[in-house]
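Fold and geometry: a report
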Amino acid sequence: MIETKNSTRRVTMISSISEMKEVSQSIQKQNLTIGLVPTMGCLHEGHLSLIKRSLESCDKTVVSIFVNPTQFGPNEDLDSYPRPLESDIEKLDEMGVDILFHPSKEEMYPTGYKTFVEIKNITEQLCGKSRPDLFQGVATIVLKLFNIIQPQNAFFGEKDWQQLAVIENLVKDLNLDVAIIRVPLVRESDGLAMSSRNRYLSVQERQSALSLSRTLQKAQDQIRQGITSAKTINNLIQKRLLETEGAKIDYISICDPVNFKEKEQIRGRTLIALAVKIGPSRLIDNCIIEEI
Ligand code: AMP
């Protein structure tokens, strides 16, 4: 077990799978519950809201930080993904997190690694369309983390709505004994959805990035005023995003929030989800239209 450098730190950092398993088993033997918050680090208030929920409801909280290579495509930002480990550890200490699980790539995927989890039907749309490796990588790493840490509860953010659906299906279909807790999307005060990738944005790009949340807000206003045609709302969103400097639309989806089938009419619970490239960052945002 590696205690972090400063002796006042309380978080215990574990990087080996066997040690993490031993520690988890000893927690379970004491009849204590484990909450897991899987992350890729570069922690912000969005992550912290998941951690808070775990600290409130579980005896021990494990946060994992692992930039998972199998969920990145060949031309994506795996190498440049921010990894400010020291400041992440400080945040975990301040919050009173019990354990940081921070394995190496080699520990999680040793030479000869062969096994991947595939979830069908809900991974071909939205983010899965332009990032075909994403959800297989996510499902695989999350299943590995569940097997290693054996949490009773695991916390995921609604910012990654489709990812949450993938994980809920993984748990249901493979009969896993873990409760998935959904945590609402956390925004900056001006509406920008918090993301580790916001770090890549210049001042001008950050201004453009505001267009995602503002456009979603505008779409919700129009729907509240009685527009139910998905095409009309899609056109409105598209127009606003195309007017945004430096924005390249990946997708605009107005769909069922469970099976991601595109809707023609905005009736029943509806997800509006966007992915837009601004400068070096591919940003996502979403909102739910409750039954109207
Ligand atoms: P990541 O480090 O980006 O893989 O995210 C780790 C977890 O934090 C995932 O469950 C995300 O959905 C969640 N998360 C990231 N950003 C936010 C946010 N702005 N609000 C709520 N949850 C978030």
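Predicted, not measured: the structure shown is a model, and the values here were computed from it.

The next point concerns the nonpolar core. Ranked by internal contacts, the top residues of the largest apolar core, which has 48 residues, are Phe101, Met108, Phe146, Ile149 and Ile180. Residue contributions to this core peak at 11 residues, all from helix α6 (residues 134-149). Lining this core are residues from two domains, each supplying at least three of them: domain 1 (2-183) and domain 2 (196-287).

Let us now look at the sheet that holds strand β8 (residues 247-255). One open sheet accounts for three strands, arranged β8-β9-β10; its pairing is antiparallel. This sheet does not close on itself; its edge strands, each paired only once, are β8 and β10 (281-289). If you compare each strand with its neighbour and ignore which way they point, the axes differ by 10° on average. Examined bridge by bridge, β8 and strand β9 (residues 270-278) share eight bridges and lie antiparallel to one another. Following the sheet pairing, serine 253 is matched in β9 by alanine 273. Here helix α8 (residues 203-224) sits on the sheet in contact with β9 and β10, set at roughly 20° to β10.

This part covers the side chain of aspartate 93. Within the element layout of this structure, aspartate 93 appears in helix α3 (residues 85-95). A relative accessible area of 13% means that aspartate 93 is categorised as buried. At 3.1 Å, the side chain of aspartate 93 forms a polar contact with the backbone nitrogen of valine 11.

Here we come to the site of the ligand. Surrounding the ligand, one finds 17 residues, the nearest of these being Met40, His47, Asp160, Val186 and Met194. Measuring from an oxygen atom of the ligand, one finds a side-chain N or O atom of aspartate 160 at 2.6 Å. One of the backbone N or O atoms of valine 186 is found 2.8 Å from a nitrogen atom in the ligand. The protein chains hide 92% of the 480 Å² of surface that the ligand would expose on its own. Only β3 (34-39), α2 (45-57) and β6 (153-157) provide two or more residues apiece to the shell around the ligand. Sorting elements by how many residues they give to the shell around the ligand places α2 first, with three residues. When grouped by side-chain class, the residues that make up the shell around the ligand number nine nonpolar, six polar and two charged.

Enumeration according to the criterion identifies four aromatic pairs in this entry. Considering the side-chain rings of phenylalanine 72 and tyrosine 81, the 6.0 Å spacing of their centres and the 80° angle between planes classify their relative orientation as edge-to-face. For the pair tyrosine 109 and tyrosine 113, a centre-to-centre distance of 5.0 Å together with 90° between the ring planes defines the contact as edge-to-face. Since its relative accessible area comes to 13%, tyrosine 109 is described here as buried. Among the aromatic residues, those joined into a cluster by ring pairs are Phe66, Tyr109, Tyr113 and Phe116. Seen from the ring of tyrosine 109, lysine 144 lies directly overhead, with NZ or CZ sitting 5.7 Å from the centre. Here the guanidinium or amino end of arginine 182 rests over the ring plane of tryptophan 161, the centre of that ring lying 4.6 Å away.

Take the environment of glutamate 243 next. Topologically, glutamate 243 is positioned in the loop between α9 (230-242) and β8. Here the alpha-carbon distance between glutamate 243 and serine 211, two residues 32 residues apart in the chain, equals 9.3 Å. Within the structure, glutamate 243 has its side chain in polar contact with the side chain of lysine 239 (distance 3.0 Å).

Along its sequence, the chain is carved into domain 1 (2-183) and domain 2 (196-287). When each unit is reduced to the centre of its C-alpha atoms, the spacing between domain 1 and domain 2 is 27 Å. Across the contact, 23 residues belong to domain 1 and 18 residues belong to domain 2. Regarding the contact of domain 1 and domain 2, the summed buried area is about 1700 Å², with carbon and sulfur atoms giving 56% of it. If you sort the residues of domain 1 by the area they bury against domain 2, Leu126, Lys159 and Trp161 come out on top, with a joint share of 35%. Joining domain 1 to domain 2, the criterion identifies one salt bridge. Where aspartate 77 meets arginine 197, a salt bridge forms, and the shortest distance between an N and an O atom there is 2.8 Å. Broken down by secondary-structure element, the contributors of at least two residues to the side of domain 1 that touches domain 2 are α5 (126-130) and α7 (161-173). The residue makeup of the side of domain 1 that touches domain 2, split by class, is 10 nonpolar, eight polar and five charged.

Basis of the calculations
Residues numbered from 1 in each chain as written. Predicted model: local features only at pLDDT ≥ 70, side-chain atom pairs only at ≥ 80, totals over all residues. Heavy atoms only, no water. Core = buried A, V, L, I, M, F, W, Y, C linked by side-chain atoms within 4.5 Å. Buried < 20%, exposed > 50% of the residue type's maximum accessible area, 1.4 Å probe, protein only. Helix = DSSP H or I, 4+ residues; strand = E, 2+ residues; numbered from the N terminus. Domains from an automatic or database assignment. Pairing = 2+ DSSP bridges. Axes fitted to C-alpha atoms, helices over the stretch in contact; angles between N-to-C directions. Contact = heavy atoms within 4.5 Å. Polar contact = N/O pair within 3.5 Å; in protein donor to acceptor, adjacent residues only side chain to side chain. Near = heavy atom within 4 Å. Areas by Shrake-Rupley, 256 points an atom, 1.4 Å probe, with all protein chains shown as cover. Nonpolar A, V, L, I, M, F, W, Y, C, P; charged D, E, K, R; others polar. Phe/Tyr/Trp six-rings, centres within 6.5 Å; stacked < 30°, edge-to-face > 60°. Lys NZ or Arg CZ within 6 Å of the ring centre and 35° of its normal. Buried area = accessible area lost by both parts, 1.4 Å probe. Salt bridge = Lys/Arg side-chain N within 4 Å of Asp/Glu carboxyl O.

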